[in-house]
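The lines below spell out each chain.
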Amino acid sequence: GESVGLHLPTLSVQEGDNSIINCAYSNSASDYFIWYKQESGKGPQFIIDIRSNMDKRQGQRVTVLLNKTVKHLSLQIAATQPGDSAVYFCAENTQGGKLIFGQGTELSVKP
Amino acid sequence: NAGVMQNPRHLVRRRGQEARLRCSPMKGHSHVYWYRQLPEEGLKFMVYLQKENIIDESGMPKERFSAEFPKEGPSILRIQQVVRGDSAAYFCASSPRSHFEKLFFGSGTQLSVL
């Protein structure tokens, strides 16, 4: 089965609130993780990545946290906007660049 | 600077027909990956190719599916004798070199088998 999965399939938040999307992985040898955003009818769009030698990385309005002890990854979106509504996937990198994707979490932003 | 280009965007085939999906990687990228996405699911790896070489086809079904990436032209994912279960979105991604973690994805081809 997949080594990367998500805790919740859907998440609904109020516009302006912060969003937290979680992901669990099972391969302790994985050393690189990526979050992608996929809007309806489009391909996955890169958001942010993190290597296993880090536990936090920040981008514009997004932060990724990595907890290697419990093999958990999260994506935090600050001040969520309607344009953030999409399905979010975490992906784990194996050697050779073959990404393994989780099931995805659908984020819905209420105005 | 065009991104990964896939065509067609939508492809309708009847059972038993052949489907050909095309992918042109980003300029300067010589590594191509194909993924399949069923409704409400994540992307499943199918095959990884370099120019004229198949590097990893561990996700490809053993029958009816094939992929190529010739020296000139786009990468082609070919599905022979399609069945309804082949209906899915097929995404192509590219990278500039091997072992490059961040992949750039195209907009996908939605295959519908009637």
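Residues numbered from 1 in each chain as written. Chains lettered and ligands numbered in written order. Predicted model: local features only at pLDDT ≥ 70, side-chain atom pairs only at ≥ 80, totals over all residues. Heavy atoms only, no water.

Visitor: Requested: an account of the packing of aromatic side chains, with residues and values cited.
Guide: If you walk through the whole model with that rule in mind, you get ten aromatic pairs over all chains. Consider the rings of A:Tyr25 and A:Phe33, whose centres lie 4.5 Å apart with planes at 45°: the pair is tilted. By relative accessible area, which is 7% here, A:Tyr25 ends up buried. In textbook terms, an aromatic cluster arises when at least three aromatic residues are bridged by ring pairs, as seen for A:Tyr36, A:Phe46, A:Phe89, A:Phe101, B:Tyr35, B:Phe45 and B:Phe105. Geometry around A:Phe46 places B:Lys102 over its ring, the cationic atom sitting 4.3 Å from the centre. (Phe/Tyr/Trp six-rings, centres within 6.5 Å; stacked < 30°, edge-to-face > 60°. Buried < 20%, exposed > 50% of the residue type's maximum accessible area, 1.4 Å probe, protein only. Lys NZ or Arg CZ within 6 Å of the ring centre and 35° of its normal.)

Visitor: Talk me through unusual backbone geometry; I want residue IDs and the actual numbers.
Guide: Residue and element names in this part refer to chain B. Along the chain, Asn7 connects to Pro8 via a cis peptide bond; the corresponding omega equals -5°. Structurally, Pro8 is set in the loop between β1 (5–7) and β2 (10–13). One non-glycine residue, Glu52, lies in the positive phi region at around 65°. Structurally, Glu52 is set in the loop between β5 (43–50) and β6 (53–56). In this structure Glu52 comes out as exposed when scored by relative accessible area, which is 55%. (Helix = DSSP H or I, 4+ residues; strand = E, 2+ residues; numbered from the N terminus.)

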